[in-house]
Amino acid sequence: LQEQARLDDAVASYRKAVVINSDYAEAHNNLGNALKELGRFDEAVASYHKALAINSDYAEAHYNLGNALQEQGRLDDAVASYHKALAINSDYAEAHNNLGNALKKLGKLDDAFASFRKALAIKPDYAEAGRNFLAALLYVPGISHDQLFDEHLQFAERQTSSITRIVDKFENDPIEDRRLRIGYVSSDLRDHPVGDHLYPLIANHDHQAFEIFCYADVAHPDEMTEWLQSSVEHWRTIIGMSDEDVARMVRADKIDVLVILAGRFDSNRPLVSAYRAAPVQVNYLDVATSGLQEMDYFLTDDDLNPPETEQKFTEEIYRLPCCFQGAPIEASPPVGPLPVDRAGRITFSSFNNPAKVSGEVLNLWARVLEAVPGSRLMLKYHRIYFVASLRHRIVSEFEAAGISKDRILFPEPCDTKYEHLLSYGEIDIALDPFPLNGGTTTIQALSMGVPVISLIGNSHVSRYSAMMLRHAGLIKLVAATPDEYVACARDLAGDLARLRALRQTLCEQLTTSPMYDAPVFAQSVEKAYRDMWGRWCTQAKPA
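This write-up is about the structure you can find in this document. (Residues numbered from 1 in each chain as written. Predicted model: local features only at pLDDT ≥ 70, side-chain atom pairs only at ≥ 80, totals over all residues. Heavy atoms only, no water.)

### Concerning the nonpolar core
Formed by 156 residues in total, the largest nonpolar core has its most connected members in Tyr184, Phe348, Trp365 and Phe398. Looking at this core element by element, the count peaks at 9 residues for helix H21 (residues 518-540). With residues up to four places along the chain from it excluded, the contact list for tyrosine 184 reads Leu198, Leu201, Ile202, His205, Ile212, Phe213, Cys214, Tyr215, Val259, Leu261 and Tyr529. Residues Ile163, Ile166, Ile238 and Leu292 belong to the second largest nonpolar core, which totals 21 residues. (Core = buried A, V, L, I, M, F, W, Y, C linked by side-chain atoms within 4.5 Å. Buried < 20%, exposed > 50% of the residue type's maximum accessible area, 1.4 Å probe, protein only. Helix = DSSP H or I, 4+ residues; strand = E, 2+ residues; numbered from the N terminus. Contact = heavy atoms within 4.5 Å.)

### Observations concerning the sheet that holds strand S8 (residues 347-350)
Strand order in the open sheet formed by 6 strands is S10-S9-S8-S11-S12-S13, and the pairing between neighbours is parallel. Both edges of this open sheet fall to strand S10 (408-409) and strand S13 (478-479), since each of them pairs with a single strand only. Looking at chain direction, S8 and strand S9 (residues 376-379) are connected through 4 bridges and run parallel. By the bridge assignment for S9, serine 350 is matched with leucine 379. On the sheet, helix H14 (residues 359-371) packs against S8, S9, S10, strand S11 (429-431) and strand S12 (452-455) and is oriented at approximately 140 degrees with respect to S9. Helix H19 (residues 482-493) contacts S8, S11, S12 and S13 of the sheet and is inclined by roughly 170 degrees relative to S12. (Pairing = 2+ DSSP bridges. Axes fitted to C-alpha atoms, helices over the stretch in contact; angles between N-to-C directions.)

### Focus: the pattern of salt bridges
Where charged atoms of side chains with opposite charge meet at close range, the side chains can pair. Throughout the structure, instances matching the rule amount to 31 salt bridges. With a closest N to O distance of 3.0 Å, arginine 236 and aspartate 253 form a salt bridge. Note that arginine 236 is positioned in strand S3 (residues 234-237) and aspartate 253 in the loop between helix H12 (243-252) and strand S4 (257-261), a separation of 17 residues in sequence. We classify arginine 236 as partly exposed; its relative accessible area is 24%. On the basis of relative accessible area, aspartate 253 is assigned to the buried category, the value being 9%. Notably, a salt bridge pairs arginine 264 with aspartate 286, separated by 2.6 Å at the nearest N-O pair. Taken together, the residues span a long stretch of sequence, with arginine 264 in the loop between S4 and strand S5 (280-284) and aspartate 286 in the loop between S5 and strand S6 (297-301) at a distance of 22 residues. On the accessibility criterion, arginine 264 (4% relative accessible area) is buried. (Salt bridge = Lys/Arg side-chain N within 4 Å of Asp/Glu carboxyl O.)

### Observations concerning the pairing of S3
The pairing of strand S2 (residues 210-216) with S3 spans 4 bridges and is classified as parallel. Paired with cysteine 214 across the strands is tryptophan 235, a residue of S3. Regarding topology, helix H11 (residues 223-231) serves as the crossover connection from S2 to the parallel S3, and that connection is right-handed. (Right-handed = clockwise from strand over helix to strand, strands pointing away.)

### Quick word on the pairing of S5
For S5, the tally of buried residues reaches 5 of 5 residues, placing the bulk of the element in the interior. Of the two faces of S5, the one lined by Val280, Val282 and Tyr284 and the one lined by Gln281 and Asn283 are each fully buried. Two strands pair when backbone bridges link them, and S4 and S5 are joined in this way by 5 bridges, in the parallel orientation. In the strand pairing of S5, leucine 258 is matched with glutamine 281. Judged from the 2 bridges that link them, S5 and S6 form a sheet pairing that is parallel. Residue pairing across strands places asparagine 283 opposite phenylalanine 298, the latter belonging to S6.

### Some points on the side chain of arginine 393
Structurally, arginine 393 can be placed in helix H15 (residues 388-400). For arginine 393, a relative accessible area of 15% corresponds to the buried category. Aside from chain neighbours lying at most four places away, what touches arginine 393 is Leu106, Gly107, Pro354, Val357 and Leu362.

### What about empty space enclosed by the protein?
Enumeration over the complete set of coordinates arrives at 4 cavities of 30 Å³ or more. The computed volume of the largest cavity comes to approximately 60 Å³. Lining the largest cavity we find Arg131, Leu134, His152, Phe155, Gly263, Arg264, Pro270, Asp286, Thr289, Ser290 and Leu292. Of all the elements in the fold, those that place two or more residues in the lining of the largest cavity are helix H8 (127-137) and helix H9 (145-160). Looking at the lining of the largest cavity residue by residue, the classes come out as 4 nonpolar, 4 polar and 3 charged. Empty space within the second largest cavity amounts to approximately 50 Å³. Forming the boundary of the second largest cavity are Ser349, Ser350, Phe351, Asn352, Tyr424, Ala430, Leu431, Asp432, Thr441, Thr442, Ala445 and Val452. (1 Å grid on protein atoms, 1.4 Å probe; cavity = no way out; pocket = protein on both sides within 12 Å on 5 of 7 lines; lining within 4 Å. Points joined across faces, edges and corners; volume = space filled by probe spheres on them. Nonpolar A, V, L, I, M, F, W, Y, C, P; charged D, E, K, R; others polar.)

Listed below in structure tokens is the structure:
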């Protein structure tokens, strides 16, 4: 029943099993797995503890407990559970992988890399561990373009060595101006940054000229999932299917242009393209190359990958006028007055994932706090900053840089998006991390009238905030060096008149920019698809 995704029925069967035999450790463990899939994490944790009370050497139960604890944001406890699983079975590749994920969230990147490498040493074809490793590389300051590219090529070679490309001739008619079939593959067709950025495109597609398919690996659908499903012609659920089976489904649907969304993240499926599922295959909403020879295009723009970019791709770089669309923030709170006028001192913030907050980032932020006497820094990201080891690391590094812990604020986590946006009412200026900039975080700050200071780099991930700031008319808040970053923050903090003006005008500056012109954006994407398709038709037609 669980494998059929009939989770409520599975829970009922497991409960009957443990009524008959309360010492059935495997049933308690599998009950926990079903409850975890349903998002009932407290109950799942209780079931795993029951399994471990019966059998303390049950490595899978320790591992599954770690996964549930990680979902709850209890990262220190999750790390401890993974270590217990590995003490019992040191070759447990999945435990090494998820230990790496927990360590990455805690900002312990070196330890995370070690865990991912152990998982891959045990299981070289472990695609999830490989993608997690590649995603973690993006957080590393100073990584070279050559190293990043080489790691992606090695990943692709490992993962595709056992893949047999589908060689059957495409049945797609090579007619350039016919109605095209576009397929989107993602696990994030939900309330998620990918869902948010896809929303304006789906809402504005020309359905007379394009027939839209979604291939959804969405375990927990929500209102965004329902809206997307109702807005496209075809919805395919691919949960539990192999990449090859998905590729053959795409072939059967005669998809002309297949778009892999945010391939390296979450449970997304870049390897579907390795089977040559469609005539044209596009990497979109990712931040670096897939490394896959069968991926044809990388969709970007001049802000994120300018013509002089040194970043390397196996795909052909295809630039849109603007490749990033912000979804309207519905039911957001009104923008309030400037907090410094009430508090008497500047409050900086970062609401970004703490995995982005390396020692180099903390040192630069300490310099900003030193340059603006009396200022404070508020750090918030779900419940993760309440993890004891993470908070200790953050506070210790600030104190080592001469910043007292009373200047670092950890507010209570918010339960809703509305409450989260209300938090910007306490923030004067946001500080962007590097090299992996904020995305949704930067949009939210700007939408709430909070300017963002960003350090621009020479890779896709280190130019996101600069792109948004340019569109919002704030290119002067983009620093080229750490010294400029500090000076920019100091000067803006000292110009209260400018801060007050930005508070009232920034949201409109952003939402009237090309980043929020969804009809024009959709037309540019469709033009790109049509151009890509035309190129394939030219190659496919007999001479």
